[in-house]
Amino acid sequence: MSEVNKRIVLATGGTGGHVFPAQAVAHDLATQGYKVFIFSDGRGHQFQDPSIITVKIEASQLQGSISKKLQGSLKLIKGIGSALYHLRHLKPQGVVGFGGYASLPTIMASEMLRLPTIIHQADAYFGRTNRILAPFATRIATSFPHVENIPASCKGKVSFTGLPVRSDIQPSSYIPSIENDPFHLLVTGGSQGAKVFGEIIPQAVHLLDPSIQKRLYITQQCRVESLGLTQALYKQTQAHVELSPFLDQMGERYKKAHFIIARAGASSIIETALVGRPALFIPYPHAMDNHQFYNAQQVINVEGGWLMQEKELTSQRLASFLLEMITSHWKLMQAAANIRTIVVPDASIRLANLVRLMTTD
């Protein structure tokens, strides 16, 4: 079969952290003549791209009470059946799973049909779904050079490809803020920010000297239900503030930032590293297997940023930390250079090439 007639299925969840990497790889595969299909749960349809065909597959987490686990199991069986039907109809040459429970039915179905499969591990801690799938996968691709908890029997399958990101996220020179220059602070991850982002950050800014507050230009993602309180807290400061439940044009916002405060999801860390910006990462404490801590540790290992556990974070501690960052531009410049070392800029091409090799073996 000629390469232009080849079909690839990408299995992914519906959140941006799963869909954006899948879309980036889809575009690279399309340029190589592949026809690409995305199998996703219902949430994935909000990210539809006219050039990519999306197929809905039932999926559910197998957690919670016995009743919820039973409901989840029934959805999984239904999802596997649906995936088997569509895979038999499409006859793809390979399937790539981007992790998470939403990719489980499709990858299980592809393995039942003995199709070549790649599973991509986004986080620096090997996830539970991927541990189930790893023994049967053809290849395992990782976002980080070092990943904890990979089964020993599967390490020979591992390729470090990096994590594909949106096309507007590009490397950018870091120009420090010196003396009385404006200092741009970007705060992302507000959907899981809760009290830390909506309350502690503005309270910390309020504790800074007014001369420092005036230099601050803060762009912050904020939960809708916290917007009023966060605005009220910032009004007690002299900082220039933009709050929004959703931040668009992230490529430009990253480039403008002198410092970033964020959760430690794989996408947040890889995007920050690719642009090359120093950051404070506050892992989401309820993340599965504490995987965000392991993600942030990748940055700490190269001295590319800082890590604070949410339970240890107070407004006083954060205020002292921010003062040190704002007044130590040389330290931020070094961190900006260091964080770049954990990322590869051509991740989508690397993963697309791994797919090509898998389908031509």
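Scroll up to find the structure this text is about.
Residues numbered from 1 in each chain as written. Predicted model: local features only at pLDDT ≥ 70, side-chain atom pairs only at ≥ 80, totals over all residues. Heavy atoms only, no water.

Undergrad: Before we go on, may I ask you to explain the sheet that holds strand β11 (residues 259-262) in this structure?
TA: The strands that make up a sheet pair up through hydrogen bonds in the backbone, lying either parallel or antiparallel. Strand order in this open sheet of six strands is β10-β9-β8-β11-β12-β13, and the pairing throughout is parallel. Every other strand in the sheet has two partners, leaving β10 (240-244) and β13 (306-307) as the edge strands with one partner each. By the bridge criterion, five bridges tie strand β9 (residues 216-221) to β10 in an arrangement that is parallel. Note on β10: the bridge partner recorded for Ile218 is Val241. Most of the contacts of helix α7 (residues 227-234) go to β10, to which it runs at about 180°, and overall it touches β9 and β10. (Pairing = 2+ DSSP bridges. Helix = DSSP H or I, 4+ residues; strand = E, 2+ residues; numbered from the N terminus. Contact = heavy atoms within 4.5 Å. Axes fitted to C-alpha atoms, helices over the stretch in contact; angles between N-to-C directions.)

Undergrad: Explain the nonpolar core to me, please; I cannot follow it from the model alone.
TA: In a soluble, globular protein the nonpolar side chains are often hidden away together inside. Ranked by internal contacts, the top residues of the largest apolar core, which has 31 residues, are Leu216, Ile218, Phe259, Ile261, Leu280 and Leu318. Looking at this core, the elements with two or more residues in it are β8 (183-187), α5 (194-207), β9, β11, α11 (315-326) and α12 (329-339). In contact with Ile261, not counting residues within four places along its chain, are Leu185, Leu186, Val187, Thr188, Phe197, Ile201, Leu280, Ile282 and Leu322. One finds Leu186, Ile269, Ile339 and Val343 within the second-largest nonpolar core, a separate group that totals 27 residues. (Core = buried A, V, L, I, M, F, W, Y, C linked by side-chain atoms within 4.5 Å. Buried < 20%, exposed > 50% of the residue type's maximum accessible area, 1.4 Å probe, protein only.)

Undergrad: In this structure, what is going on with a nonpolar patch on the surface? I would like to understand it.
TA: A grouping of Leu70, Leu74 and Ile77 is seen on the molecular surface, where their side chains present a nonpolar patch of about 330 Å² in accessible area. Structurally, Leu70 can be placed in helix α2 (residues 66-90). (Patch = residues over 30% accessible without salt bridge, like charges linked within 9 Å, V, L, I, M, F, W, Y side chains within 5 Å. Areas by Shrake-Rupley, 256 points an atom, 1.4 Å probe, with all protein chains shown as cover. Salt bridge = Lys/Arg side-chain N within 4 Å of Asp/Glu carboxyl O.)

Undergrad: Could you clarify how one ought to interpret the sheet that holds strand β6 (residues 139-142) in this entry?
TA: With parallel pairing, seven strands are arranged side by side in an open sheet as β3-β2-β1-β4-β5-β6-β7. Every interior strand has two partners, whereas the edge strands, β3 (53-56) and β7 (158-160), have only one. Strand-to-strand, the axes of this sheet are offset by a mean angle of 25°, without reference to chain direction. Across four bridges, strand β5 (residues 117-121) lies against β6 in parallel orientation. Residue Ile118 lies in a different strand from β6, and its bridge partner there is Arg139. Across the sheet, helix α13 (residues 347-360) touches β1 (7-12), β4 (94-97), β5, β6 and β7, and the angle it forms with β5 is around 160°.

Undergrad: Sorry, what's going on with helix α3 (residues 104-112) here?
TA: Three- or four-residue spacings in an α-helix give side chains the same orientation, since the helix completes a turn every 3.6 residues. With seven of nine residues buried, α3 is to be regarded as a mostly interior element. Leu104, Pro105, Thr106, Ile107, Ala109, Ser110 and Glu111 are the residues of α3 that are buried. Positive phi appears at Arg114, one or two residues downstream of α3, with a value of about 60°.

Undergrad: When you look at the packing of aromatic side chains in this model, what are you seeing that I'm missing?
TA: In this description, a pair of aromatic rings is defined by centroid distance and the angle of the planes. Enumeration over the complete set of coordinates arrives at five aromatic pairs. On the basis of an interplanar angle of 50° and a centroid distance of 6.1 Å, the ring pair of Phe259 and Trp306 is categorised as tilted. Taken together, the positions of Phe259 in strand β11 and Trp306 in strand β13 put the pair 47 residues apart, joining distant regions of the chain. Following the ring pairs from residue to residue traces out a cluster consisting of Tyr125, Phe293 and Tyr294. (Phe/Tyr/Trp six-rings, centres within 6.5 Å; stacked < 30°, edge-to-face > 60°.)

Undergrad: Help me understand unusual backbone geometry, please; the structure alone is not making it clear to me.
TA: Leave glycine aside and you will find that most residues have negative phi; peptide bonds, for their part, are mostly trans. A positive phi angle, close to 75°, is found at Asn149, a residue other than glycine. Locating Asn149 in the fold gives a position in the loop between β6 and β7. By relative accessible area, Asn149 is classed as partly exposed at 29%. Positive phi is not limited to glycine here, since Gln249 has a value of about 50°. For Gln249, the position within the fold is in the loop between β10 and α8 (250-256). Using a relative accessible area of 57% as the deciding quantity, one classes Gln249 as exposed.

Undergrad: How should I be thinking about the environment of Ala102 in this particular structure?
TA: Summarising the element assignment, Ala102 is placed in the loop between β4 and α3. Separated by 89 residues in sequence, Ala102 and Gly13 place their C-alpha atoms 4.7 Å apart.

Undergrad: Looking at this model, I keep getting lost on the side chain of Glu111. Mind explaining?
TA: Within the element layout of this structure, Glu111 appears in helix α3. Among buried charged residues, Glu111 stands out as having no salt bridge; its nearest opposite-charge side chain is Lys157, 7.5 Å away. Contacts of Glu111, omitting those with residues within four sequence positions, involve Thr117, Leu133, Phe136 and Ala137. (Lys, Arg positive; Asp, Glu negative; His and termini not counted.)

Undergrad: How should α12 be read in this particular structure?
TA: Here α12 has its buried residues at Leu332, Ala335, Ala336, Asn338 and Ile339. Down the axis, α12 shows its buried residues gathered within 165° of arc, on one side only. (Arc of directions from axis to C-beta.)

Undergrad: Just to check I follow, could you spell out the pattern of salt bridges for this structure?
TA: Between side chains of opposite charge, a pair can form when the charged atoms approach closely. If you walk through the whole model with that rule in mind, you get 10 salt bridges. The salt bridge partner of Asp289 is Arg128, with a shortest N-O separation of 2.9 Å. Of this pair, Asp289 sits in the loop between β12 (279-281) and α10 (291-301) while Arg128 sits in helix α4 (residues 128-133); the two residues are 161 residues apart in sequence, bridging distant segments of the chain. Overall, the relative accessible area of 25% leaves Asp289 in the partly exposed class. Residue Arg128 is classed as partly exposed on the basis of its relative accessible area, which comes to 49%.

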